Amino acid sequence: MNFLDRNEFNFEPSQKVVEAIKNFDPKDLCFYTRIYDQGKKSVISVRVGEIYGVPEEQVLLTYGGEDMLKNAIHYFLSINSQEVNGTPNTKILIPEFSWWYYNKVAQECGGTFEMYPLHEKEDTFAYDIDEVIEYTNRVHPRMLLLASPNNPTGNGLTPEETARILENIPSDTIVLIDEAYASFISKDTAYIAPLVNKYSNLIISRTLSKFYGLPGLRCGFGFIGKGHDQFLSYVNKYLGYNRFSEAVALAALDSDDHYRHVADDMEWGRQLYKKELGDLPGFKVYKSVANFILIKYPVEIKDKLMEELKAQDYKIKFMTDKGLESCLRITLGRKEQTQVVCDTIKRVYNNK
Ligand SMILES: Cc1ncc(COP(=O)(O)O)c(C=O)c1O
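Residues numbered from 1 in each chain as written. Predicted model: local features only at pLDDT ≥ 70, side-chain atom pairs only at ≥ 80, totals over all residues. Heavy atoms only, no water.

As named in an unreviewed UniProt entry, the protein chain is Histidinol-phosphate aminotransferase, taken from Prevotella communis. Entered under Cofactor (unreviewed entry) in the UniProt record, the comment concerning the protein chain runs "pyridoxal 5'-phosphate". (UniProt positions renumbered as here; feature names shortened; annotations may be inferred.)

### So, the environment of F3
Here F3 lies in strand 1 (residues 2-4). Along the sequence, F3 and Y314 sit 311 residues apart, while their C-alpha atoms lie 6.3 Å from each other. If we skip the residues at most four places from it in the chain, F3 touches E8, N10 and K315. (Helix = DSSP H or I, 4+ residues; strand = E, 2+ residues; numbered from the N terminus. Contact = heavy atoms within 4.5 Å.)

### Quick word on the nonpolar core
Among the nonpolar cores identified, the biggest contains 113 residues, and I73, L146, F223, Y273 and I330 are the most heavily contacted of them. Leaving out residues up to four positions away in the same chain, F223 has contacts with V48, Y52, V54, Q58, V59, L60, I192, V196, L202, I203 and I204. (Core = buried A, V, L, I, M, F, W, Y, C linked by side-chain atoms within 4.5 Å. Buried < 20%, exposed > 50% of the residue type's maximum accessible area, 1.4 Å probe, protein only.)

### Section: the sheet that holds strand 14 (residues 292-296)
A sheet is described by the order of its strands in space; here five strands give the open sequence 1-15-16-14-13, paired in mixed fashion. This sheet does not close on itself; its edge strands, each paired only once, are strand 1 and strand 13 (284-285). Strands in contact with helix 11 (residues 256-277) are strand 13, strand 14 and strand 16 (327-331); relative to strand 14, the strand with the most contacts, it is inclined by about 10 degrees. Sheet strands touched by helix 12 (residues 302-311): strand 15 (314-318) and strand 16. Its angle to strand 15, the strand with the most contacts, is close to 150 degrees. (Pairing = 2+ DSSP bridges. Axes fitted to C-alpha atoms, helices over the stretch in contact; angles between N-to-C directions.)

### Examining the domain arrangement of the protein chain
What the domain assignment lists for the protein chain is domain 1 (2-10 + 257-350) and domain 2 (32-253). Each of domain 1 and domain 2 has a C-alpha centre, and the two are 28 Å apart. Listed per partner, the contact involves 24 residues of domain 1 and 26 residues of domain 2. In this assembly, domain 1 packs against domain 2 so that about 2,100 Å² is buried in total across both faces, 61% of it on carbon and sulfur atoms. Taken together, domain 1 and domain 2 are joined by two salt bridges. Elements that contribute at least two residues to the side of domain 1 that touches domain 2 include exactly helix 11, strand 13 and strand 14. In terms of residue count, helix 11 provides more of the side of domain 1 that touches domain 2 than any other element does, four residues in total. Looking at the side of domain 1 that touches domain 2, its residues break down into 12 nonpolar, three polar and nine charged. (Domains from an automatic or database assignment. Buried area = accessible area lost by both parts, 1.4 Å probe. Salt bridge = Lys/Arg side-chain N within 4 Å of Asp/Glu carboxyl O. Nonpolar A, V, L, I, M, F, W, Y, C, P; charged D, E, K, R; others polar.)

### Some thoughts on the site of the ligand
Taken together, 13 residues form the shell around the ligand, and within it G65, D178, T207, S209 and R218 come nearest. Within the contact set of the ligand, an oxygen atom lies 2.9 Å away from a backbone nitrogen or oxygen of E66. In isolation the ligand has 400 Å² of accessible area, and contact with the protein removes 92% of it. Counting residues per element, the shell around the ligand draws most heavily on helix 3 (residues 64-79), at three residues. In the shell around the ligand, the residues fall into four nonpolar, five polar and four charged. (Near = heavy atom within 4 Å. Polar contact = N/O pair within 3.5 Å; in protein donor to acceptor, adjacent residues only side chain to side chain. Areas by Shrake-Rupley, 256 points an atom, 1.4 Å probe, with all protein chains shown as cover.)

### Notes on the packing of helix 3 against helix 4 (residues 101-108)
Two elements in contact, helix 3 and helix 4, have axes whose closest approach is 9 Å; the angle formed by their N-to-C orientations is 40 degrees. The hand of the helix 3/helix 4 crossing is right-handed. Counted together, E66, L69, K70, I73, H74 and L77 of helix 3 and Y101, Y102, V105, A106 and E108 of helix 4 form the full contact between these two elements. Here the residues of the contact of helix 3 with helix 4 sort into seven nonpolar, one polar and three charged. (Left-handed = near helix turned anticlockwise from the far one by under 90°.)

### As for the pairing of strand 9 (residues 143-147)
Counting buried residues along strand 9, five of its five residues qualify, which places the element largely inside the surrounding structure. Burial along strand 9 is two-sided: the residues M143, L145 and A147 and L144 and L146 are all buried. Examined bridge by bridge, strand 5 (residues 91-95) and strand 9 share two bridges and lie parallel to one another. Bridge pairing in strand 9 places I92 opposite M143.

### Quick look at the environment of A180
For A180, the position within the fold is in the loop between strand 10 (174-178) and helix 7 (182-185). Placed 24 residues apart in sequence, A180 and I204 show a C-alpha to C-alpha distance of 9.4 Å. With residues up to four places along the chain from it excluded, the contact list for A180 reads S205, T207 and K210.

### Thoughts on the UniProt feature "domain: Aminotransferase class I/classII large" (unreviewed entry) in the protein chain
The feature "domain: Aminotransferase class I/classII large" (unreviewed entry), as given by UniProt, occupies residues 5-345 in the numbering adopted here. Here residues 5-345 runs as 39% helix and 18% strand, with 15 Å between its end C-alpha atoms.

### Some details on helix 2 (residues 43-52)
All of the buried residues along helix 2 are I44, S45, V48, G49 and Y52. Angular distribution of buried residues about the axis of helix 2 spans 135 degrees; they occupy a single face of the element. Looking at the buried residues of helix 2, the elements they touch are strand 2 (59-62), helix 8 (192-198), strand 11 (202-207), strand 12 (220-224) and helix 10 (243-253). Structurally, the start of helix 2 carries an N-cap: the backbone nitrogen of I44 is 2.8 Å from a side-chain oxygen of S42. Looking one or two residues beyond helix 2, the residue adopting positive phi is G53, at roughly 70 degrees. (Arc of directions from axis to C-beta.)

Laid out in structure tokens, this is it:
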């Protein structure tokens, strides 16, 4: 099966990752790591701290980005929801058209969510920064969720926009920025340390699942502003992390050249979709900056398209979110996979 529906990695892992797996000593699994005797979480948090220039104490490690969201949302909306006018503040603001999982996690811990709008522009969607600030001050949520780039719309925030939001909202609103796809847009990570240094209410979440192509490893990492000892102790694992994952994660973090090369190759796919489908009536190919692309299509071809893709063992995401029902989200895979999907969409459209 060709899975182009969940923004996974249809390419080869780096040679360093392959070697780390081959050379892993199974006996390492017979013992817990001893790094916590030095007051550190893991060799991964140490390495991530070095790469991003953030003190290890402020690095978070989780079971994928998913688990970062779960930990943060459960903690701040339930365990440590602060009172406003005598009642616990369980509100979270989430972008419209975003990953469905945000709502699910908020609901499972009794949180109440509200959506702030994203605005469709020419070939993209956008945050209206003033509107996000205004909304946050009006609703005064315990958490504000921002995603950059956002899934499925692909739009993001600049560091300046993030700072402007943080500067102008209540300081007891925890801002969680989901940057699961951020490495695709830029290798610049220098903005992270100053932001988490300055804003104690900021959490930035990243993952090895997307750019580093290891969704099966379940390794997420992130950064939090200062002064959150209780939350850190809630998230941290007393007996350390999975030592096999640690070895693989270190190798992946040391393989940027390989993964950057793969990410650059995805441009071919973006261009193909744009060229082949962009001008067809009923289609709109949105700007993509991550490992997926959002395409509006004539929804009357949905059943036939599903059938034809299935017959060739392909899966793409037919969006069902309100307002995006006539969109497809397609993971950018290998060239031959992109060609099959693009040809199939065109064929089904031409024979409708
Ligand atoms: C926007 C977004 N954030 C986070 C994740 C979490 O990925 P993982 O838990 O594999 O790190 C995903 C996965 O698809 C995602 O789309």
